Amino acid sequence: MKIDASQISRHNKSYIESHRETYEFLRYQLDKQGRNADAIVEQLKRLQIAIPSWALGAGGTRFGRFSMGGEPGTLEQKIEDIGLIHALTRSAGAVSLHIPWDIPEDPKAIKELAAAHDITFDAVNSNTFQDQRGQQHSYKFGSLSHTDSAVREQAIRHNLEVIETGKTLGSKSITVWLADGASFPGQNNLRRALQHTMDSLKAIYRHLPPDWKMYIEYKPYEPNFYSTVIQDWGTAYLLATECGERAFTLVDLGHHLPNTNIEQIVATLMMKGKLGGFHFNDSKYGDDDLTVGCIKPYQLFLIFNELVYGMNNNTSQNPPLAWMIDASHNIKDPLEDLIQSLEAIRLAYAQALLVDRKALEEAQANNEVSRAQEIMQNAFRTDVRPLLREARLQSGAALEPLALYQGLEVRKQLVKERGVKSIATGL
Ligand SMILES: [Mn+2]
């Protein structure tokens, strides 16, 4: 299924009048505060978020999985699904592939298909947290950190193969997330496990093409429940620093213990020029992988506030960030969920762009605590949805992507095309 421009312009016609009214009103209000709505719209238009190939089907939990029907069974269909989201929003212009779930049989054809949907290839992701069919050694007790060098070498080789696959598609980065760790005290020699991981990552880094980056992701627990080898940003930072200047830390919002100050981690990593990218999602308790912004939108805004500050004050030459959604959908239609996540990310970005930096600097310098809080909350409480709609309108996207998605009965169409029982490859 493909959504064409005429369907979008028909849809936009029915919303244009109320949009014009709210946008003009907001522009006028912002203008009085010395803010330029049109400039923010331009910045919003440039923000593209990668969609992970594994987020297009039902994720499920270890207790069960409930299919949506019409799930993409092939990599081609996954690209088509992202094409639908991108056509509706013009903000999902990249895909992040997971190897070996999405090995392209014909890279040239896949590249062409993606280009037809205006989609590029973002970071490729390796997988040494599962055993694959025909694999010689098991990752049950770890991969890059394993006690047996033969297992570590197999895991290193897999990462190099992932890079080779990524090269055929035009990717420029690899994300490494390890499930390695221990579920019981005494199971691992903690120091040795970290040393092995460092040596393995260095071996991968040595083979990294010169125009590539490596992102190292951390997570405090799960699937191992006593210790994770790369447990926090500090460990990921240490490993990235040891590997070299093209290795960076990747922050996944769900990979923190409750109440961690993630915006402070962002500030610290950007100060050192070592923030590589983001995996967006939201959570109430752990790595819940819920829709971005559904639980803690203020935290998301505070994170974006640091990102915007970091991008505007890039003294450490932090490279442009890789933005990606990393979520799992158990009860929602994944495409609806992704549309909502894109909206939440852009809302937080727009709000952060609204922060009166000069006033905030002044308030901070004078220790005017209440004023500083008011400045932040004034930005957060501004309804910036008209800015997002205007950015979409100017980019040829739908004014109300979710309403159009539902109005066109896209899922029903996909079920008709692919069947009720089609299941996405992946988890
Ligand atoms: Mn992640």
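Everything below is about the structure shown above.
Bear in mind the structure is a predicted one, so any value in this text is a computation, not a measurement.

Conventions used here
Residues numbered from 1 in each chain as written. Predicted model: local features only at pLDDT ≥ 70, side-chain atom pairs only at ≥ 80, totals over all residues. Buried ≥ 20, exposed ≤ 12 C-beta atoms within 10 Å, placed from the backbone. Helix = DSSP H or I, 4+ residues; strand = E, 2+ residues; numbered from the N terminus. Pairing = 2+ DSSP bridges. Right-handed = clockwise from strand over helix to strand, strands pointing away. Axes fitted to C-alpha atoms, helices over the stretch in contact; angles between N-to-C directions. Parallel < 35°, antiparallel > 145°, perpendicular 65-115°, else oblique. Left-handed = near helix turned anticlockwise from the far one by under 90°. Contact = placed C-beta atoms within 7 Å. Nonpolar A, V, L, I, M, F, W, Y, C, P; charged D, E, K, R; others polar.

### What to know about the pairing of strand β10 (residues 275–280)
Right, on to step 1. When you tally the buried positions in β10, you get 6 out of 6 residues, the bulk of the element.
Right, on to step 2. Pairing geometry for strand β9 (residues 247–252) and β10, over 4 bridges, is parallel. Across the sheet, residue aspartate 252 finds its bridge partner in β10, namely histidine 279.
Right, on to step 3. Following the chain from β9 across helix α8 (residues 262–271) to the adjacent parallel β10, one finds a crossover that is right-handed.
Right, on to step 4. Here β10 pairs with strand β11 (residues 322–325) via 4 bridges, running parallel. Residue phenylalanine 280 lies in a different strand from β11, and its bridge partner there is isoleucine 325.
Right, on to step 5. Handedness of the crossover joining β10 and β11 through helix α9 (residues 297–312): right-handed.

### Notes on unusual backbone geometry
Right, on to step 1. Of the consecutive residues isoleucine 99 and proline 100, the connecting peptide bond is found in the cis state with omega at 20°.
Right, on to step 2. By secondary structure assignment, the location of proline 100 is in the loop between β2 (94–96) and α4 (107–116).
Right, on to step 3. Cis geometry marks the peptide bond from glutamate 222 to proline 223; its omega dihedral reads 10°.
Right, on to step 4. On the secondary structure map, proline 223 appears in the loop between β7 (213–217) and β8 (227–228).
Right, on to step 5. With a phi angle near 55°, asparagine 367 is a residue other than glycine that sits in the positive phi range.
Right, on to step 6. Within the secondary structure layout, asparagine 367 lies in the loop between α11 (357–365) and α12 (369–380).

### Here's the deal with the packing of α9 against helix α10 (residues 334–354)
Right, on to step 1. Remark: α9 packs on α10, axes separated minimally by 8 Å, with the N-to-C direction vectors making an angle of 55°. Relative to α10, α9 is oriented oblique. Viewed along their axes, α9 and α10 form a crossing whose handedness is right-handed. Taken together, the residues of α10 that come into contact with α9 (itself represented by Pro297, Leu300, Phe301, Phe304, Asn305, Leu307 and Val308) are Ala344, Ala348, Tyr349, Gln351, Ala352 and Leu353.
Right, on to step 2. Its residues assigned to classes, the contact of α9 with α10 comprises 11 nonpolar, 2 polar and no charged.

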